[in-house]
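Residues per chain, in single letters:
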Amino acid sequence: MAEYQLYCIAQSGNAYRVALMLNLIGADWEPIWVDFFADGATRKPDYRDNVNEMGEVPVLVHGKKKLSQSGVILTYLSDLTGKFKPQGEDERLEALRWIIFDNQKVNGFLGPYRFLRNFAKPAGDPAVMAFLKGRIDASLAIVNKRLATHAYLLGDRPTIADISMTGYFYYPAEEFGFDIVEDHPAIGPWLDRMKALPGWKHPYELMPGYPLGTH
Ligand SMILES: N[C@@H](CCC(=O)N[C@@H](CS)C(=O)NCC(=O)O)C(=O)O
């Protein structure tokens, strides 16, 4: 058995953050595919009682530890390995600031927008989609402004804040109906820098379940 197990699915940018971190730190890990779409597994009592009471992926298992919330998991892994770890109190708080902003307002809106567009039945109500798109544009503009003057979110070296922020950014533009990189010119070069890190992989290559119906 691998040292780490990750409950995940290829379509989840929230899970991608953790899968990417595990790969970038060269961890010995294996995915546990969750039948999220066809079976609604994360909504069932078995998953909530035995895997995650919050009914979400990702969940990381490391020995006796079972952790959810990608921000917590990234912090755990960077503390454990020293890799992609913010240095000192100021950086630690700064990373947390970007991770919370990301979870709530960047990928926190991109994820549901993409879900409602590609997977939900019925698809998202146009008024809801318009609201989410407005929030996405505003949040991506903030990230773009930051990256226009910083190679990485905290400065000149990648940290868990960057790994968190990449969540949904590498998924195909067709799935969003707009192109993050075209609309926000500082984001593309940063995504390329992240992509150049040893161990980087696309979410559809890193986690099981793509295309839908396979795993
Ligand atoms: N803030 C959480 C978000 C996790 C999350 O929302 N995961 C989605 C999959 S992409 C999920 O499991 N949703 C199930 C639900 O909300 O019922 C994290 O970063 O881990």
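Above: the structure in question.
No experiment lies behind these values; they were computed from the predicted model shown. (Residues numbered from 1 in each chain as written. Predicted model: local features only at pLDDT ≥ 70, side-chain atom pairs only at ≥ 80, totals over all residues. Heavy atoms only, no water.)

(A) Highlighting the sheet that holds strand β1 (residues 4–8). Overall, mixed pairing links the 4 strands, which are arranged β2-β1-β3-β4 in an open sheet. Of all the strands in the sheet, just β2 (29–33) and β4 (65–68) have a single pairing partner and so form its edges. For this sheet, the mean inter-axis angle between neighbouring strands, taken without regard to orientation, is 20°. With respect to the sheet, helix α1 (residues 13–24) is in contact with β1, β2 and β3 (59–62), its orientation differing from that of β1 by roughly 155°. Along the sheet, helix α3 (residues 70–81) makes contact with β1, β3 and β4, crossing β4 at roughly 130°. (Pairing = 2+ DSSP bridges. Helix = DSSP H or I, 4+ residues; strand = E, 2+ residues; numbered from the N terminus. Axes fitted to C-alpha atoms, helices over the stretch in contact; angles between N-to-C directions. Contact = heavy atoms within 4.5 Å.)

(B) Just the pairing of β3, in detail. Both faces of β3 are covered, namely the face carrying Val59 and Val61 and the face carrying Leu60 and His62. One ladder, built from 4 bridges, connects β1 with β3; its direction is antiparallel. The partner of tyrosine 4 across the bridge, within β3, is histidine 62. Between β3 and β4, which pair antiparallel one after the other, the connecting turn spans 2 residues, and glycine 63 there sits at a positive phi close to 60°. (Buried < 20%, exposed > 50% of the residue type's maximum accessible area, 1.4 Å probe, protein only.)

(C) Structural detail: the side chain of serine 164. Topologically, serine 164 is positioned in helix α6 (residues 160–165). Note on serine 164: relative accessible area 0%, which makes it buried. Here aspartate 102 takes part through its side chain, which lies 2.6 Å from a polar atom of the side chain of serine 164. Residue contacts for serine 164: discarding those within four places in its chain leaves Arg17, Leu74, Ile99, Asp102, Asn103 and Asn107. (Polar contact = N/O pair within 3.5 Å; in protein donor to acceptor, adjacent residues only side chain to side chain.)

Spatial relationships are all this shows, so hold off on functional conclusions.
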